[in-house]
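Single-letter residue listing:
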Amino acid sequence: MIKRTKASISKAILHKVGNKFNSTKNAFSEQELDFDEISYDLMLPYLLRPFGSLVETYRFNHHSNINLNEINTYATQLFADESDFLEVSKHIVTHLFEQSNSAQIKTGDVMVCMFNDIQYEDLFINAVGIFKIENKAEFFQTYLENNSYDIITQKGIPTKKVDKGCLILNTSDVEGNIVLSVDNNSYDTQYWIKHFLNVKYPDDHNQHTKNYIELCKDFSEDILKPSLGIQEKSTFLAKTIDFFKENEVINVENFKDELFDDDKHKELFEDYKKSYETDHSLVIRNQFDVSESVLKKEKQKIKTEIKLDTNIQIKLDIDAPDASSEYLERGYDDEKKMHYYKVFFNEEA
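Predicted model, so just to flag it, every value in this text is computed and none were measured.

About the thresholds
- Residues numbered from 1 in each chain as written.
- Predicted model: local features only at pLDDT ≥ 70, side-chain atom pairs only at ≥ 80, totals over all residues.
- Heavy atoms only, no water.
- 1 Å grid on protein atoms, 1.4 Å probe; cavity = no way out; pocket = protein on both sides within 12 Å on 5 of 7 lines; lining within 4 Å.
- Points joined across faces, edges and corners; volume = space filled by probe spheres on them.
- Helix = DSSP H or I, 4+ residues; strand = E, 2+ residues; numbered from the N terminus.
- Nonpolar A, V, L, I, M, F, W, Y, C, P; charged D, E, K, R; others polar.
- Polar contact = N/O pair within 3.5 Å; in protein donor to acceptor, adjacent residues only side chain to side chain.
- Contact = heavy atoms within 4.5 Å.
- Pairing = 2+ DSSP bridges.
- Buried < 20%, exposed > 50% of the residue type's maximum accessible area, 1.4 Å probe, protein only.
- Arc of directions from axis to C-beta.
- Salt bridge = Lys/Arg side-chain N within 4 Å of Asp/Glu carboxyl O.
- Axes fitted to C-alpha atoms, helices over the stretch in contact; angles between N-to-C directions.
- Parallel < 35°, antiparallel > 145°, perpendicular 65-115°, else oblique.
- Left-handed = near helix turned anticlockwise from the far one by under 90°.
- Core = buried A, V, L, I, M, F, W, Y, C linked by side-chain atoms within 4.5 Å.
- Patch = residues over 30% accessible without salt bridge, like charges linked within 9 Å, V, L, I, M, F, W, Y side chains within 5 Å.
- Areas by Shrake-Rupley, 256 points an atom, 1.4 Å probe, with all protein chains shown as cover.
- Lys, Arg positive; Asp, Glu negative; His and termini not counted.
- Charge placed at Lys NZ, Arg CZ, Asp CG, Glu CD.

Caption draft 1: Up close: the layout of surface pockets. Of the voids in this model, the largest pocket is the one considered here, and its volume is about 600 Å³. For the largest pocket, the lining is made up of 18 residues, of which Tyr-58, Thr-189, Ile-193, Tyr-201 and Lys-210 are closest to its centre. Among the elements of the structure, β9 (176-183), α4 (189-197), β10 (199-200) and α9 (292-301) are those that each provide at least two residues to the lining of the largest pocket. Ranked by the residues each element gives to the lining of the largest pocket, the list is headed by α4, at four residues. Residue composition of the lining of the largest pocket, by class: seven nonpolar, four polar and seven charged.

Below you can see the structure in the form of structure tokens.
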């Protein structure tokens, strides 16, 4: 998560990237962008706004030596000396072009920028930004000719969101430089993150919190819902969120003792956890600190509605984990040959 209150663009250049599968080539600029005041005031928030709400960060990765990661190398070079900005920006676009390993990879404009005074936590730092603009929007342009106004249709860059972008911050931890990334056109999830940037999640409390909540979501969907129904699935997720809210440090054994009444479900959860770790190539820590920002974000993603085929929906409150078991009763009506839910309450809100 960054703040852009004092941020500024010190250098920027625009190139075009092609796709080797459809014979479109790169086109390089030879001069940096020179923004007028209006364009600059629109461009700065357009580029940085997507990163203001990001919680998760990445670190550069390489199978043999991190110094061989291309984008890491280019960013390090620019942080050390900006005099080669033009040539390095071309290398970045060429590297992006080489990752177009299928015809579905889109061509587009690529902007490379140097930023100053981006706030990350308590630091004001510079950063390298790489942005790929894949989609153009049509708009109407009015003009005056022969004392009459007319309209033509033109295409341009929409100012609402960046298609793909990353910020490499000039600050690091034990795992390397901090990288932020957005991808609003994730038609190929490997293309931007894995192939172009080659980044991975860091081994920190943000990722541990996310991994564990996503494990619980998948467990509730794959195991609890088929055997016990949507009500039990939703109750389990609500209790999971409640456990994270009540504990600053998550201990897996304490979690299982709190959420499962019998050893059978504890064993099911533990077996599922092992399979989940194998399938996702990660390790779920047995104890970790809770990230409140990630918890808040993941909580918003959880859906607890019970949708019925009679066009009725029951929405359970994620912040009231005991309400479902206490005030909602599921049964079967032999006369109607239908399932039912009985809801208890004192008065309507």
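Caption draft 2: Looking closely at empty space enclosed by the protein. This model, assessed by the stated rule, comprises one cavity of 30 Å³ or more. In this structure, the largest cavity spans a volume of roughly 50 Å³. Around the largest cavity sit Ser-234, Thr-235, Ala-238, Thr-304, Leu-316, Asp-317, Ile-318, Ala-320, Pro-321, Ala-323 and Ser-324, which together line it. The set of elements that each furnish at least two residues to the lining of the largest cavity consists of α6 (230-246) and α10 (323-327). The class makeup of the residues in the lining of the largest cavity is six nonpolar, four polar and one charged.

Caption draft 3: Summary view of the side chain of Asn-185. Mapping Asn-185 onto the fold places it in the loop between β9 and α4. Polar side-chain contacts of Asn-185 include one of 2.9 Å to the side chain of Asp-163. Residues within four places of Asn-185 in sequence aside, it is in contact with Glu-134, Asn-135, Asp-163 and Lys-164.

Caption draft 4: The pairing of strand β7 (residues 148-156), seen in detail. Bridge analysis of strand β6 (residues 137-145) against β7 gives nine bridges, and the strand direction is antiparallel. Bridge pairing links Gln-141 to Ile-152 in β7. Where β6 folds back onto β7 in an antiparallel hairpin, the turn is made up of two residues, including Asn-146, whose phi is positive at roughly 55 degrees.

Caption draft 5: Representation of α9 within the structure. Burial in α9 covers these residues: Val-294, Leu-295 and Glu-298. Around the axis of α9, the buried residues are gathered within 100 degrees of arc, so they sit on the same side. Summarising the geometry of α9, the exposed residues directed more than 90 degrees from the buried face are Glu-292, Lys-296 and Gln-300. The secondary structure elements touched by the buried residues of α9 are α5 (205-228) and α6.

Caption draft 6: Examining the pattern of salt bridges more closely. Inspection of the entire model under this criterion finds 25 salt bridges. Here Asp-257 and Lys-266 are joined by a salt bridge, their closest N and O atoms 2.8 Å apart. One salt bridge connects Lys-301 with Glu-298, and the closest N-O pair in it is separated by 3.2 Å. Of this pair, Lys-301 and Glu-298 both sit in helix α9, three residues apart, which is roughly one turn of that helix. We classify Glu-298 as buried; its relative accessible area is 1%. One network of salt bridges, with partners in common, ties together Glu-253, Lys-256, Glu-270, Lys-273 and Glu-277.

Caption draft 7: Representation of the packing of α5 against α9 within the structure. Remark: α5 packs on α9, axes separated minimally by 9 Å, with the N-to-C direction vectors making an angle of 25 degrees. Taken together, the axis directions place α5 and α9 in an arrangement best described as roughly parallel. Classified by chirality, the crossing of α9 by α5 is right-handed. Taking contact as the criterion, the partners of Asn-206, Thr-209, Lys-210, Ile-213, Glu-214 and Lys-217 in α5 are, on α9, Ser-293, Val-294, Leu-295, Glu-298 and Lys-301. The residue inventory of the contact of α5 with α9, partitioned by class, reads three nonpolar, three polar and five charged.

Caption draft 8: Representation of the environment of Glu-37. Structurally, Glu-37 is set in helix α1 (residues 37-48). In this structure, the C-alpha to C-alpha distance between Glu-37 and Lys-245, residues 208 residues apart in sequence, is 46 Å.

Caption draft 9: A look at the nonpolar core. In terms of nonpolar packing, the biggest core is built from 30 residues, with Ile-71, Ile-130, Ile-168 and Trp-192 touching the most fellow members. Breaking this core down by element, the ones donating at least two residues are β2 (8-17), α2 (70-80), α3 (85-98), β4 (108-120), β5 (123-133), β8 (164-173) and α4.

Caption draft 10: Broad picture of a negative patch on the surface. A surface patch of negative charge is lined by Asp-261, Asp-262, Asp-263, Glu-267 and Asp-271. Relative to the helices and strands, Glu-267 resides in helix α8 (residues 263-280).

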